[in-house]
Amino acid sequence: MDKISVIVSCYNEEKALPLFYEEMERVRKQDFENLAEFEYIFVNDGSKDKTLAEIKELRNKDEKVRYISFSRNFGKEAAMYAGLEASTGNLVTLMDADLQDPPALLKQMYDAIKEQGYDTVATRRVTRKGEPPIRSFFARLFYKIINKMSSIEMVDGARDYRLMTRQVVDSILSLKEYNRYSKGLFSFVGFDTKWIEYENVERVAGETKWSFWKLFKYAIEGITAFSTTPLILSSLIGLLFCLVAFIAIIFIIVRTLIFGDPTSGWPSLVCIIVFVSGIQLFTIGIIGQYLSKTYLEVKKRPIYIVKETEQDKN
Ligand code: UDP
Ligand code: MG
């Protein structure tokens, strides 16, 4: 018999959690009754509402429920990592608590692994219904840019929702980097991946934790973690400017020799100085991004800190 670990990262999900549990149990009873046993690992990512109390309540009535509670908010990437580390199943799935990752797809994913021999089954939403258009626009732009820059393929609309074998989980866990960008990590480890497409579902309760600024920072994280193209681009821009300057010098020398040159050109000089220093700051900023990521990696801080789990007496 298989054992499926369901990892659910939760940040302020007190409203969504009971609904999630109910739906998950329904799917388990309907599709997996004699196929697989389950464990549910809820990772409480420093919620400020009653999420932890909700989880404990679920634990009290159901032995399948396990939990890890962080000492503060460490972010979804950290929560997923903690869940993967704690999981004991031979199959593992990552889900959101808001039912935007429908548990009903699980059977289909399970069959793809068991019958078609895939190592992992990932999901991608083909519509972005219910999302602000401006957000969809920037999301699309981001995927275009990162796929040009990175040799690792990032799939537009890919969710973190996926089912994978123990082998894949162990490979993910062997990547111990501090700046975690899961979509890239999953592409990086490879394995035979089946993609299942579905229409976007809106969250059942509560609200999204992603502000535009947070998403922007996440995008930068993705780019710095999986591409060094910006660094190459800065060098190329530098080279280009040297070339332009060289041509300009020759031009000025020749012009002076032919016409003689009274001192003029002050405004154009100012423009050039401002423009070039702008480019310099921009490229230094790019280098700074990589340096700051390196700085955080080198410190080797833990990815998350646990305050309590279901093992602790409460
Ligand atoms: N989440 C988390 N830590 C965070 C932010 C979010 O564990 O710091 C969880 C959240 O509880 C949810 C999942 O990550 O289960 C996805 O978050 P959300 O639904 O806000 O993102 P969206 O679906 O809007 O992209
Ligand atoms: Mg969501």
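As a reminder, the structure under discussion sits directly above these lines.
The following paragraphs examine the structure supplied in this document. What you see is a predicted model; the values in this text were computed from it and never measured. (Residues numbered from 1 in each chain as written. Chains lettered and ligands numbered in written order. Predicted model: local features only at pLDDT ≥ 70, side-chain atom pairs only at ≥ 80, totals over all residues. Heavy atoms only, no water.)

1. Considering the packing of aromatic side chains
Overall, the coordinates contain 16 aromatic pairs when judged by the stated rule. With a centroid separation of 5.3 Å and 85° between ring planes, the pair formed by Phe32 and Tyr110 is classed as edge-to-face. Placement of the pair is Phe32 in the loop between α1 (16–31) and β2 (36–44) and Tyr110 in helix α4 (residues 106–114), with a sequence separation of 78 residues. This pair shows no difference in class: Phe32 is buried, exactly as Tyr110 is. Here Phe70 and Tyr304 contribute two aromatic rings whose centre-to-centre distance is 5.1 Å and whose plane-to-plane angle is 10°, an arrangement assigned as stacked. Of the two residues, Phe70 is situated in strand β3 (residues 65–70) and Tyr304 in the loop between α10 (266–299) and β8 (306–309); the sequence distance between them amounts to 234 residues. Accessibility classification places Phe70 together with Tyr304 in one group, the buried group. Among the aromatic residues, those joined into a ring-pair cluster are Tyr21, Phe32, Phe38, Tyr40 and Tyr110. Directly above the ring of Phe186 sits Arg162, whose terminal nitrogen or CZ lies 3.9 Å from the centroid. (Phe/Tyr/Trp six-rings, centres within 6.5 Å; stacked < 30°, edge-to-face > 60°. Helix = DSSP H or I, 4+ residues; strand = E, 2+ residues; numbered from the N terminus. Buried < 20%, exposed > 50% of the residue type's maximum accessible area, 1.4 Å probe, protein only. Lys NZ or Arg CZ within 6 Å of the ring centre and 35° of its normal.)

2. Some remarks on the nonpolar core
Val43, Phe70, Leu84 and Tyr304 are the most contacted members of the largest nonpolar core, which totals 36 residues. For this core, the element with the highest residue contribution is helix α3 (residues 76–86), accounting for seven residues. Aside from chain neighbours lying at most four places away, what touches Tyr304 is Phe70, Phe74, Ala78, Tyr81, Ala82 and Glu85. In this structure, Ile4, Cys10, Met95 and Ala97 belong to the second largest nonpolar core, which totals 34 residues. (Core = buried A, V, L, I, M, F, W, Y, C linked by side-chain atoms within 4.5 Å. Contact = heavy atoms within 4.5 Å.)

3. What about the site of ligand 1?
Lining the immediate surroundings of ligand 1 are 16 residues, of which Glu13, Asp45, Gln100, Arg203 and Thr208 lie closest. Measuring from a nitrogen atom of ligand 1, one finds a side-chain N or O atom of Asp45 at 2.6 Å. With respect to ligand 1, the side chain of Asn73 contributes an N or O atom lying 3.1 Å from an oxygen atom. Its residues assigned to classes, the shell around ligand 1 comprises four nonpolar, five polar and seven charged. (Near = heavy atom within 4 Å. Polar contact = N/O pair within 3.5 Å; in protein donor to acceptor, adjacent residues only side chain to side chain. Nonpolar A, V, L, I, M, F, W, Y, C, P; charged D, E, K, R; others polar.)

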